[in-house]
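Residue-level listing of the chains:
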Amino acid sequence: MLEIVDLTVAYGPVVALERVSFRVAEGSVMAVLGANGAGKTTLVRTISGLVRPRSGSIRFDQKEISRLAPEAIARLGIGHVPEGRGVLAELTVEENLRLGGLWRTDRADRGTALSEAYELFRPLAERRHLPAFTLSGGERQMLSIARALSARPRVLLLDEPSLGLASLVLIQIMARIKQLVQQRQLTVVLIEQNARSALSVADDAVVLSLGRVVAHDQARRLASEEGLRHAYLGF
Amino acid sequence: MPAVVKGWRLLLTPTLSRHLGLALVAFILLLLLSSQIGAYDDYTLAAVAIFVIATAGLNLLTGVNGQLSLGHGALMAVGAYSTSLLLRGHDLPLILVLLLSLAGASLVGAVFGVAAARLRGPYLAGATLALAVGLPQIATRYSHVFGGEEGLTVPPPAAPSWLGADFPPERWMAWIAIAVALVTLVLLGNLLQSSVGRSFKAVRDHEAAAALAGINVARTQVVAFVVSSACAGLAGSLFAYWSGLTAPAGFGVALSLQLISAIVIGGLGSLSGAVWGSIVLVFVPNFTSGMASSLNLPSSVGNNLPLLIYGAVLVVAMLVVPYGIDGGLRRLLALARARWAGAATNHKGVVDWDDPAGS
Amino acid sequence: MQRFVVLTLNGLTEGSIYAAMALALVMIWRATRVVNFAQGAMAMFTTYLALFSLERGAPYWLAFVIALLCGFVLGAVVERVLVRPVESAPPLNVVILTLGLLLVLEALAPMLFGGQIRSFPSAFSIVGIRLGSLQVPFSSFDLFTLVSVLVLMALLLLLFQRTDLGLRMRAAAFNAEVSRLLGIRVGRMLTLGWALASLVGALAGLLIAPSLLLYPTYMDQVLVFGFTGAILGGLDSPPGAVIGGLSMGFALSYVGGYFGSDLETVGALVILIAVLMVRPRGLLAWRAQRVV
Ligand SMILES: Nc1ncnc2c1ncn2[C@@H]1O[C@H](COP(=O)(O)OP(=O)(O)O)[C@@H](O)[C@H]1O
Ligand SMILES: [Mg+2]
């Protein structure tokens, strides 16, 4: 479904990713783990076209996407919930949500997607006509995820959704996402610093350290590897 | 202004002697050059030197301290009018007139700088632009003092008698302007290398971090405004001597915009950028008007060709050399050096655009 | 009292033009973080194009529409060809670039259309309207000026607040990166923003031309007062632009009327500094203070 081959990314002289390769199966959750500065954000930003790779390729449904513009990649069905959530604070909740699927031609389904989003994240429905800067951190995270989902993506890239969230809210959100994975064959790339909770929802995981893949396996098995856990995952 | 006092004490550093040496060599070379060229070219040379003073001060404010001023022409006007008023009916020594004009512009700059310290980016641009538009109108309004649209005349500075009776006044003007410009550059160069200069840059780069490091942001900004206004006042004073006439039309918005475009074209944040910018500012219009008049074009085309070319130069320069002439030259130099050194690294040369002394 | 009424009406008409100019500047500022100093010169140029069409026998309204359309196209071209390439350069560069464009246009206009001062016709009478025996100092053309600025602003409000396209344009202006992640073609939105803004500017140029006469620099003052108005209201706020522009109109009219027209710009300076002292980011700054 999503295949990354020998991806190398550099910011000027700083190499942020070096020959990273892995593959994400359709309808599965892939956790990307690693310490601060390991290159996780760079990875998803490269997938969605915000950062140009120096070499390597990114394939989505066998199609090379690493040279496409971010807006074109989004339109292929890759949703990205960016680090820091990317909520447009000046717009209302509803406007933020509408933006998610605005490029889609199926107008009727845009309405359906909107009401589905409100159903999925009830607190948003109550605040739909308020500017987004009135939302709490958890609500913003919900909005950001709901906005990405309202485009009915096939792949969802989540960059540290847990940051600054109460664990209860996080559990709710992850449960919803897991539901979508099962019901709609959604594919998820989940970036987390909190390895333990990420491994509990993921099917597979890669561990990045200083821009390189240091481990890549089923989530279950990674969680049980003492040495790796101590060295890279911190639990 | 304790920071300024501290700045003066810091002028006695080893770099001072290096800068002084450079300035002395430049002075001698320029005097030799000036003696070889005709009166008109001396006149042009003086104009370049005068603009160097103004643009160096502006570059300190905008390039080094990050405060955009679209109103420096108005501060030049303050210097020019001070000079013209001082010389009306009196015969004061040049150096005194220069210093008093400098003080006058510094005072206006201090007042405006205090107001400006709260403003950022386009808001500062708007306020300074309003200054550029508003101030010259005071001269028209109070014409009994400032001479109205016709302006005030200024006698040219008299060359000392030991140079001979037929020493061209244009050459004397050029010598004065060059000397003042070089002194200004030396002083600014040392100021930039001092802790005051570093605090200017720190405030530009990151206000909050500068404040955390113990820099008084507002005071630093006011100091930068005052120093920069002093330069503008000095340039304005010389400009009055140079043109022989101080009138509002000479200090319109166009002058302010020319100054800012000069430092961006020359290179933001460096004194050499100010020099390059002033050369472009004076020579491009000179060259293009010469060209236009030699081409025998219809007058509506010929009269506007210099302006067209100047505008096009601004546009193209921003597209082609975004870091100005100074930045472009340094990049070339760094590339050449990298190649010469065997090009061990394959990266483009990393250049510190902001190194003020160009060392 | 009568004087006051005259000055107020005069301020309203001129203020609406400054408001249009301020709005054009604010639209571009919000879209691309650029203060377009060439806005006035662009409007000057399109007004010359209208005059050119009139002289070739075009009816007034056709010339009017031609100028607006040319403004639209000119804005798009300037954004796409000149501004886009300096997007990532230091922010002062684009300021100098627009200043350069201003000089080019002001030099080009007399080359193409002749350098002498021209008069520009107005669609309606510029003599004060008669109400019975009373002549009000407000002409049909003043009314037309006011109405057309209001109509254009209402249309823009509808576009931005009520349509998907407007929503896309706002999103692209607020946060280009996030918008691209949402599949919005940000580049097109920014080009469209510039195009619409220059259309607004072109309208201002057409409306003020009959009273100022047409010459290459006739819009310079309008640009400065429009910019001052935009700053006064807060560069990030379109309603602020309208309020700021109108305030400039009234203020200049009163200062000119009571203290002499040669103090107009000094008055503008004093008002601007006074407001910025109290509110350094303009009157409607609260909108711009984002909680991120
Ligand atoms: N825009 C950028 N410019 C330069 N270096 C960057 C940039 N973004 C990230 N980096 C560097 O790339 C490396 C990886 O960063 P990032 O992808 O943000 O890591 P993570 O998300 O795992 O914390 C870090 O060393 C970081 O400093
Ligand atoms: Mg990260």
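The residue numbers shown here count from 1 along each chain, following its written sequence. Numbering of ligands from 1 and lettering of chains from A proceed in the order in which they are written. Where local features are concerned, this predicted model is filtered to residues with pLDDT of at least 70; where side-chain atom pairs are given and counted, the filter is 80 or more; whole-chain, interface and lining totals use all residues. The basis for every side-chain value is the complete set of non-hydrogen atoms in the structure, without hydrogens or water.

**Observations concerning the overall build of chain A**
Helix and strand labels come from DSSP, where a helix needs a run of H or I of at least four residues and a strand needs a run of E of at least two; each type is numbered from the N terminus. Counting secondary structure elements, chain A contains 10 helices and 10 strands. For a compact globule of 235 residues, the expected C-alpha radius of gyration is about 18 Å, and chain A comes in at 17 Å, within 12% of that figure. Counting only C-alpha atoms and orienting by the principal axes, one finds that chain A spans roughly 50 × 35 × 35 Å. Accessibility here uses a 1.4 Å probe with only protein chains present; expressed as a share of the type maximum, an area under 20% marks a residue as buried, one over 50% as exposed, and anything in between as partly exposed. When burial is assessed residue by residue, chain A has 55% of its 235 residues classed as buried. Two residues qualify as a contact provided that any one of their heavy atoms is within 4.5 Å of a heavy atom in the partner residue. Expressed as a percentage of contacts within chain A between residues at least 6 apart in sequence, the contacts between residues at least 24 apart total 66%. Charge counting treats Lys and Arg as positive and Asp and Glu as negative, with His and both chain ends excluded. Charge positions come from single atoms, namely NZ of Lys, CZ of Arg, CG of Asp or CD of Glu. With 30 positive and 25 negative side-chain charges, chain A shows a separation of 2 Å between the mean positions of the two kinds. Put simply, the radius of gyration uses C-alpha atoms, and a globule should come to 2.2 Å times the residue count raised to 0.38.

**Some words on the pairing of strand β8 (residues 187-192) of chain A**
All names here are of chain A. With 6 of 6 residues buried, β8 is to be regarded as a mostly interior element. When DSSP finds two or more bridges between a pair of strands, those strands are recorded as paired. In this structure, strand β7 (residues 155-159) lies alongside β8, joined through 5 bridges in parallel fashion. In the sheet register, Val-155 faces β8, and the bridge partner there is Thr-187. Regarding the hand of the β-α-β motif, the stretch spanning β7, helix α7 (residues 167-184) and β8 is right-handed. Every crossover in which the path from the first strand over the helix to the second runs clockwise, viewed with the strands pointing away from the viewer, is termed right-handed.

**Structural notes on the layout of surface pockets**
Cavity and pocket criteria rest on a 1 Å grid covering protein atoms alone: a 1.4 Å probe that fits but cannot get out defines a cavity, protein on both sides within 12 Å along at least 5 of 7 lines defines an open pocket, and an atom within 4 Å of a point defines a lining residue. Grid points are joined across faces, edges and corners, and a volume is the space filled by probe spheres set on the points. Empty space within the largest pocket amounts to approximately 1,300 Å³. Lining the largest pocket we find 49 residues, and of these B:Ala249, B:Gly252, B:Val253, B:Ala254 and B:Leu255 sit closest to its centre. Secondary structure elements with two or more residues in the lining of the largest pocket: α3 (39-64), α6 (121-141), α11 (217-243), α12 (253-266), α13 (271-294) and α15 (305-320) of chain B together with α4 (91-113) and α9 (220-233) of chain C. Note on residue classes: Ala, Val, Leu, Ile, Met, Phe, Trp, Tyr, Cys and Pro are nonpolar, Asp, Glu, Lys and Arg are charged, and everything else, Gly too, is polar. Considering only residue class, the lining of the largest pocket consists of 32 nonpolar, 14 polar and 3 charged. As a volume, the second largest pocket reaches approximately 1,000 Å³. In terms of lining, the second largest pocket is formed by 44 residues, of which the most central are B:Thr62, B:Gly66, B:Leu68, C:Pro91 and C:Leu92. Put simply, the parts of the chain that give the lining of the second largest pocket at least two residues each are α3, α6, α9 (195-205), α10 (207-212) and α16 (324-340) of chain B together with α4 of chain C.

**So, the interface of chain B and chain C**
Each side of the interface is counted separately: chain B has 40 residues, and chain C has 45 residues. When two parts are put together, the accessible area they lose, computed with a 1.4 Å probe and summed over both, is reported as buried area. Roughly 3,700 Å² is buried in total at the junction of chain B and chain C, and carbon and sulfur atoms are behind 79% of that figure. A carboxyl oxygen of Asp or Glu within 4 Å of a side-chain nitrogen of Lys or Arg is what we treat as a salt bridge. Scanning the region where chain B abuts chain C turns up 1 salt bridge. Under the rule applied, a polar contact is a pair of N or O atoms within 3.5 Å (in protein, one hydrogen donor and one hydrogen acceptor; residues adjacent in sequence only if both atoms are side-chain atoms). Our count for the chain B to chain C interface comes out at 7 residue pairs in polar contact (both at pLDDT 80 or more). Elements supplying a minimum of two residues to the side of chain B that touches chain C: α5 (94-116), α6, α12, α14 (299-302) and α15 of chain B. A per-element tally of the side of chain B that touches chain C places α6(B) first, with 13 residues.

**Describing the coordination of the magnesium ion (ligand 2)**
All names here are of chain A. Note that water is not among the atoms considered, so a metal site may appear incomplete; the donors listed are N, O and S atoms within 2.8 Å of the metal, with 3.2 Å applied to Na, K and Ca. Distances from the magnesium ion (ligand 2) to its protein donors, Thr-41 (OG1) and Glu-83 (OE), fall at 2.0 to 2.4 Å. With Thr-41 in helix α1 (residues 40-47) and Glu-83 in the loop between β6 (78-81) and α3 (93-100), this pair connects stretches of sequence that are 42 residues apart. With relative accessibility at 19%, the residue Thr-41 sits in the buried group. What makes Glu-83 partly exposed here is its relative accessible area of 42%.

**Some points on the packing of aromatic side chains**
Two rings from Phe, Tyr or Trp (for Trp, the six-membered ring) form a pair when their centres sit within 6.5 Å of each other. Planes less than 30 degrees apart are called stacked, planes more than 60 degrees apart edge-to-face, and all others tilted. One pass over the full model with this rule turns up 23 aromatic pairs over all chains. Judged by centre distance (6.4 Å) and plane angle (15°), the rings of C:Phe250 and C:Tyr254 are stacked. Here C:Tyr254 and C:Phe250 lie together in helix α10 (residues 238-259), a separation of 4 residues that amounts to about one turn. Owing to a relative accessible area of 23%, C:Phe250 belongs among the partly exposed residues under this scheme. Remark: a charge is flagged as sitting over a ring if the NZ atom of Lys or the CZ atom of Arg is within 6 Å of the ring centre and within 35 degrees of the ring normal. Over the ring of B:Phe167 we find B:Arg171; its NZ or CZ atom is 5.9 Å from the centre of that ring. The ring of C:Phe52 has C:Arg56 sitting right over it, with the charged end atom 4.1 Å from the ring centre.

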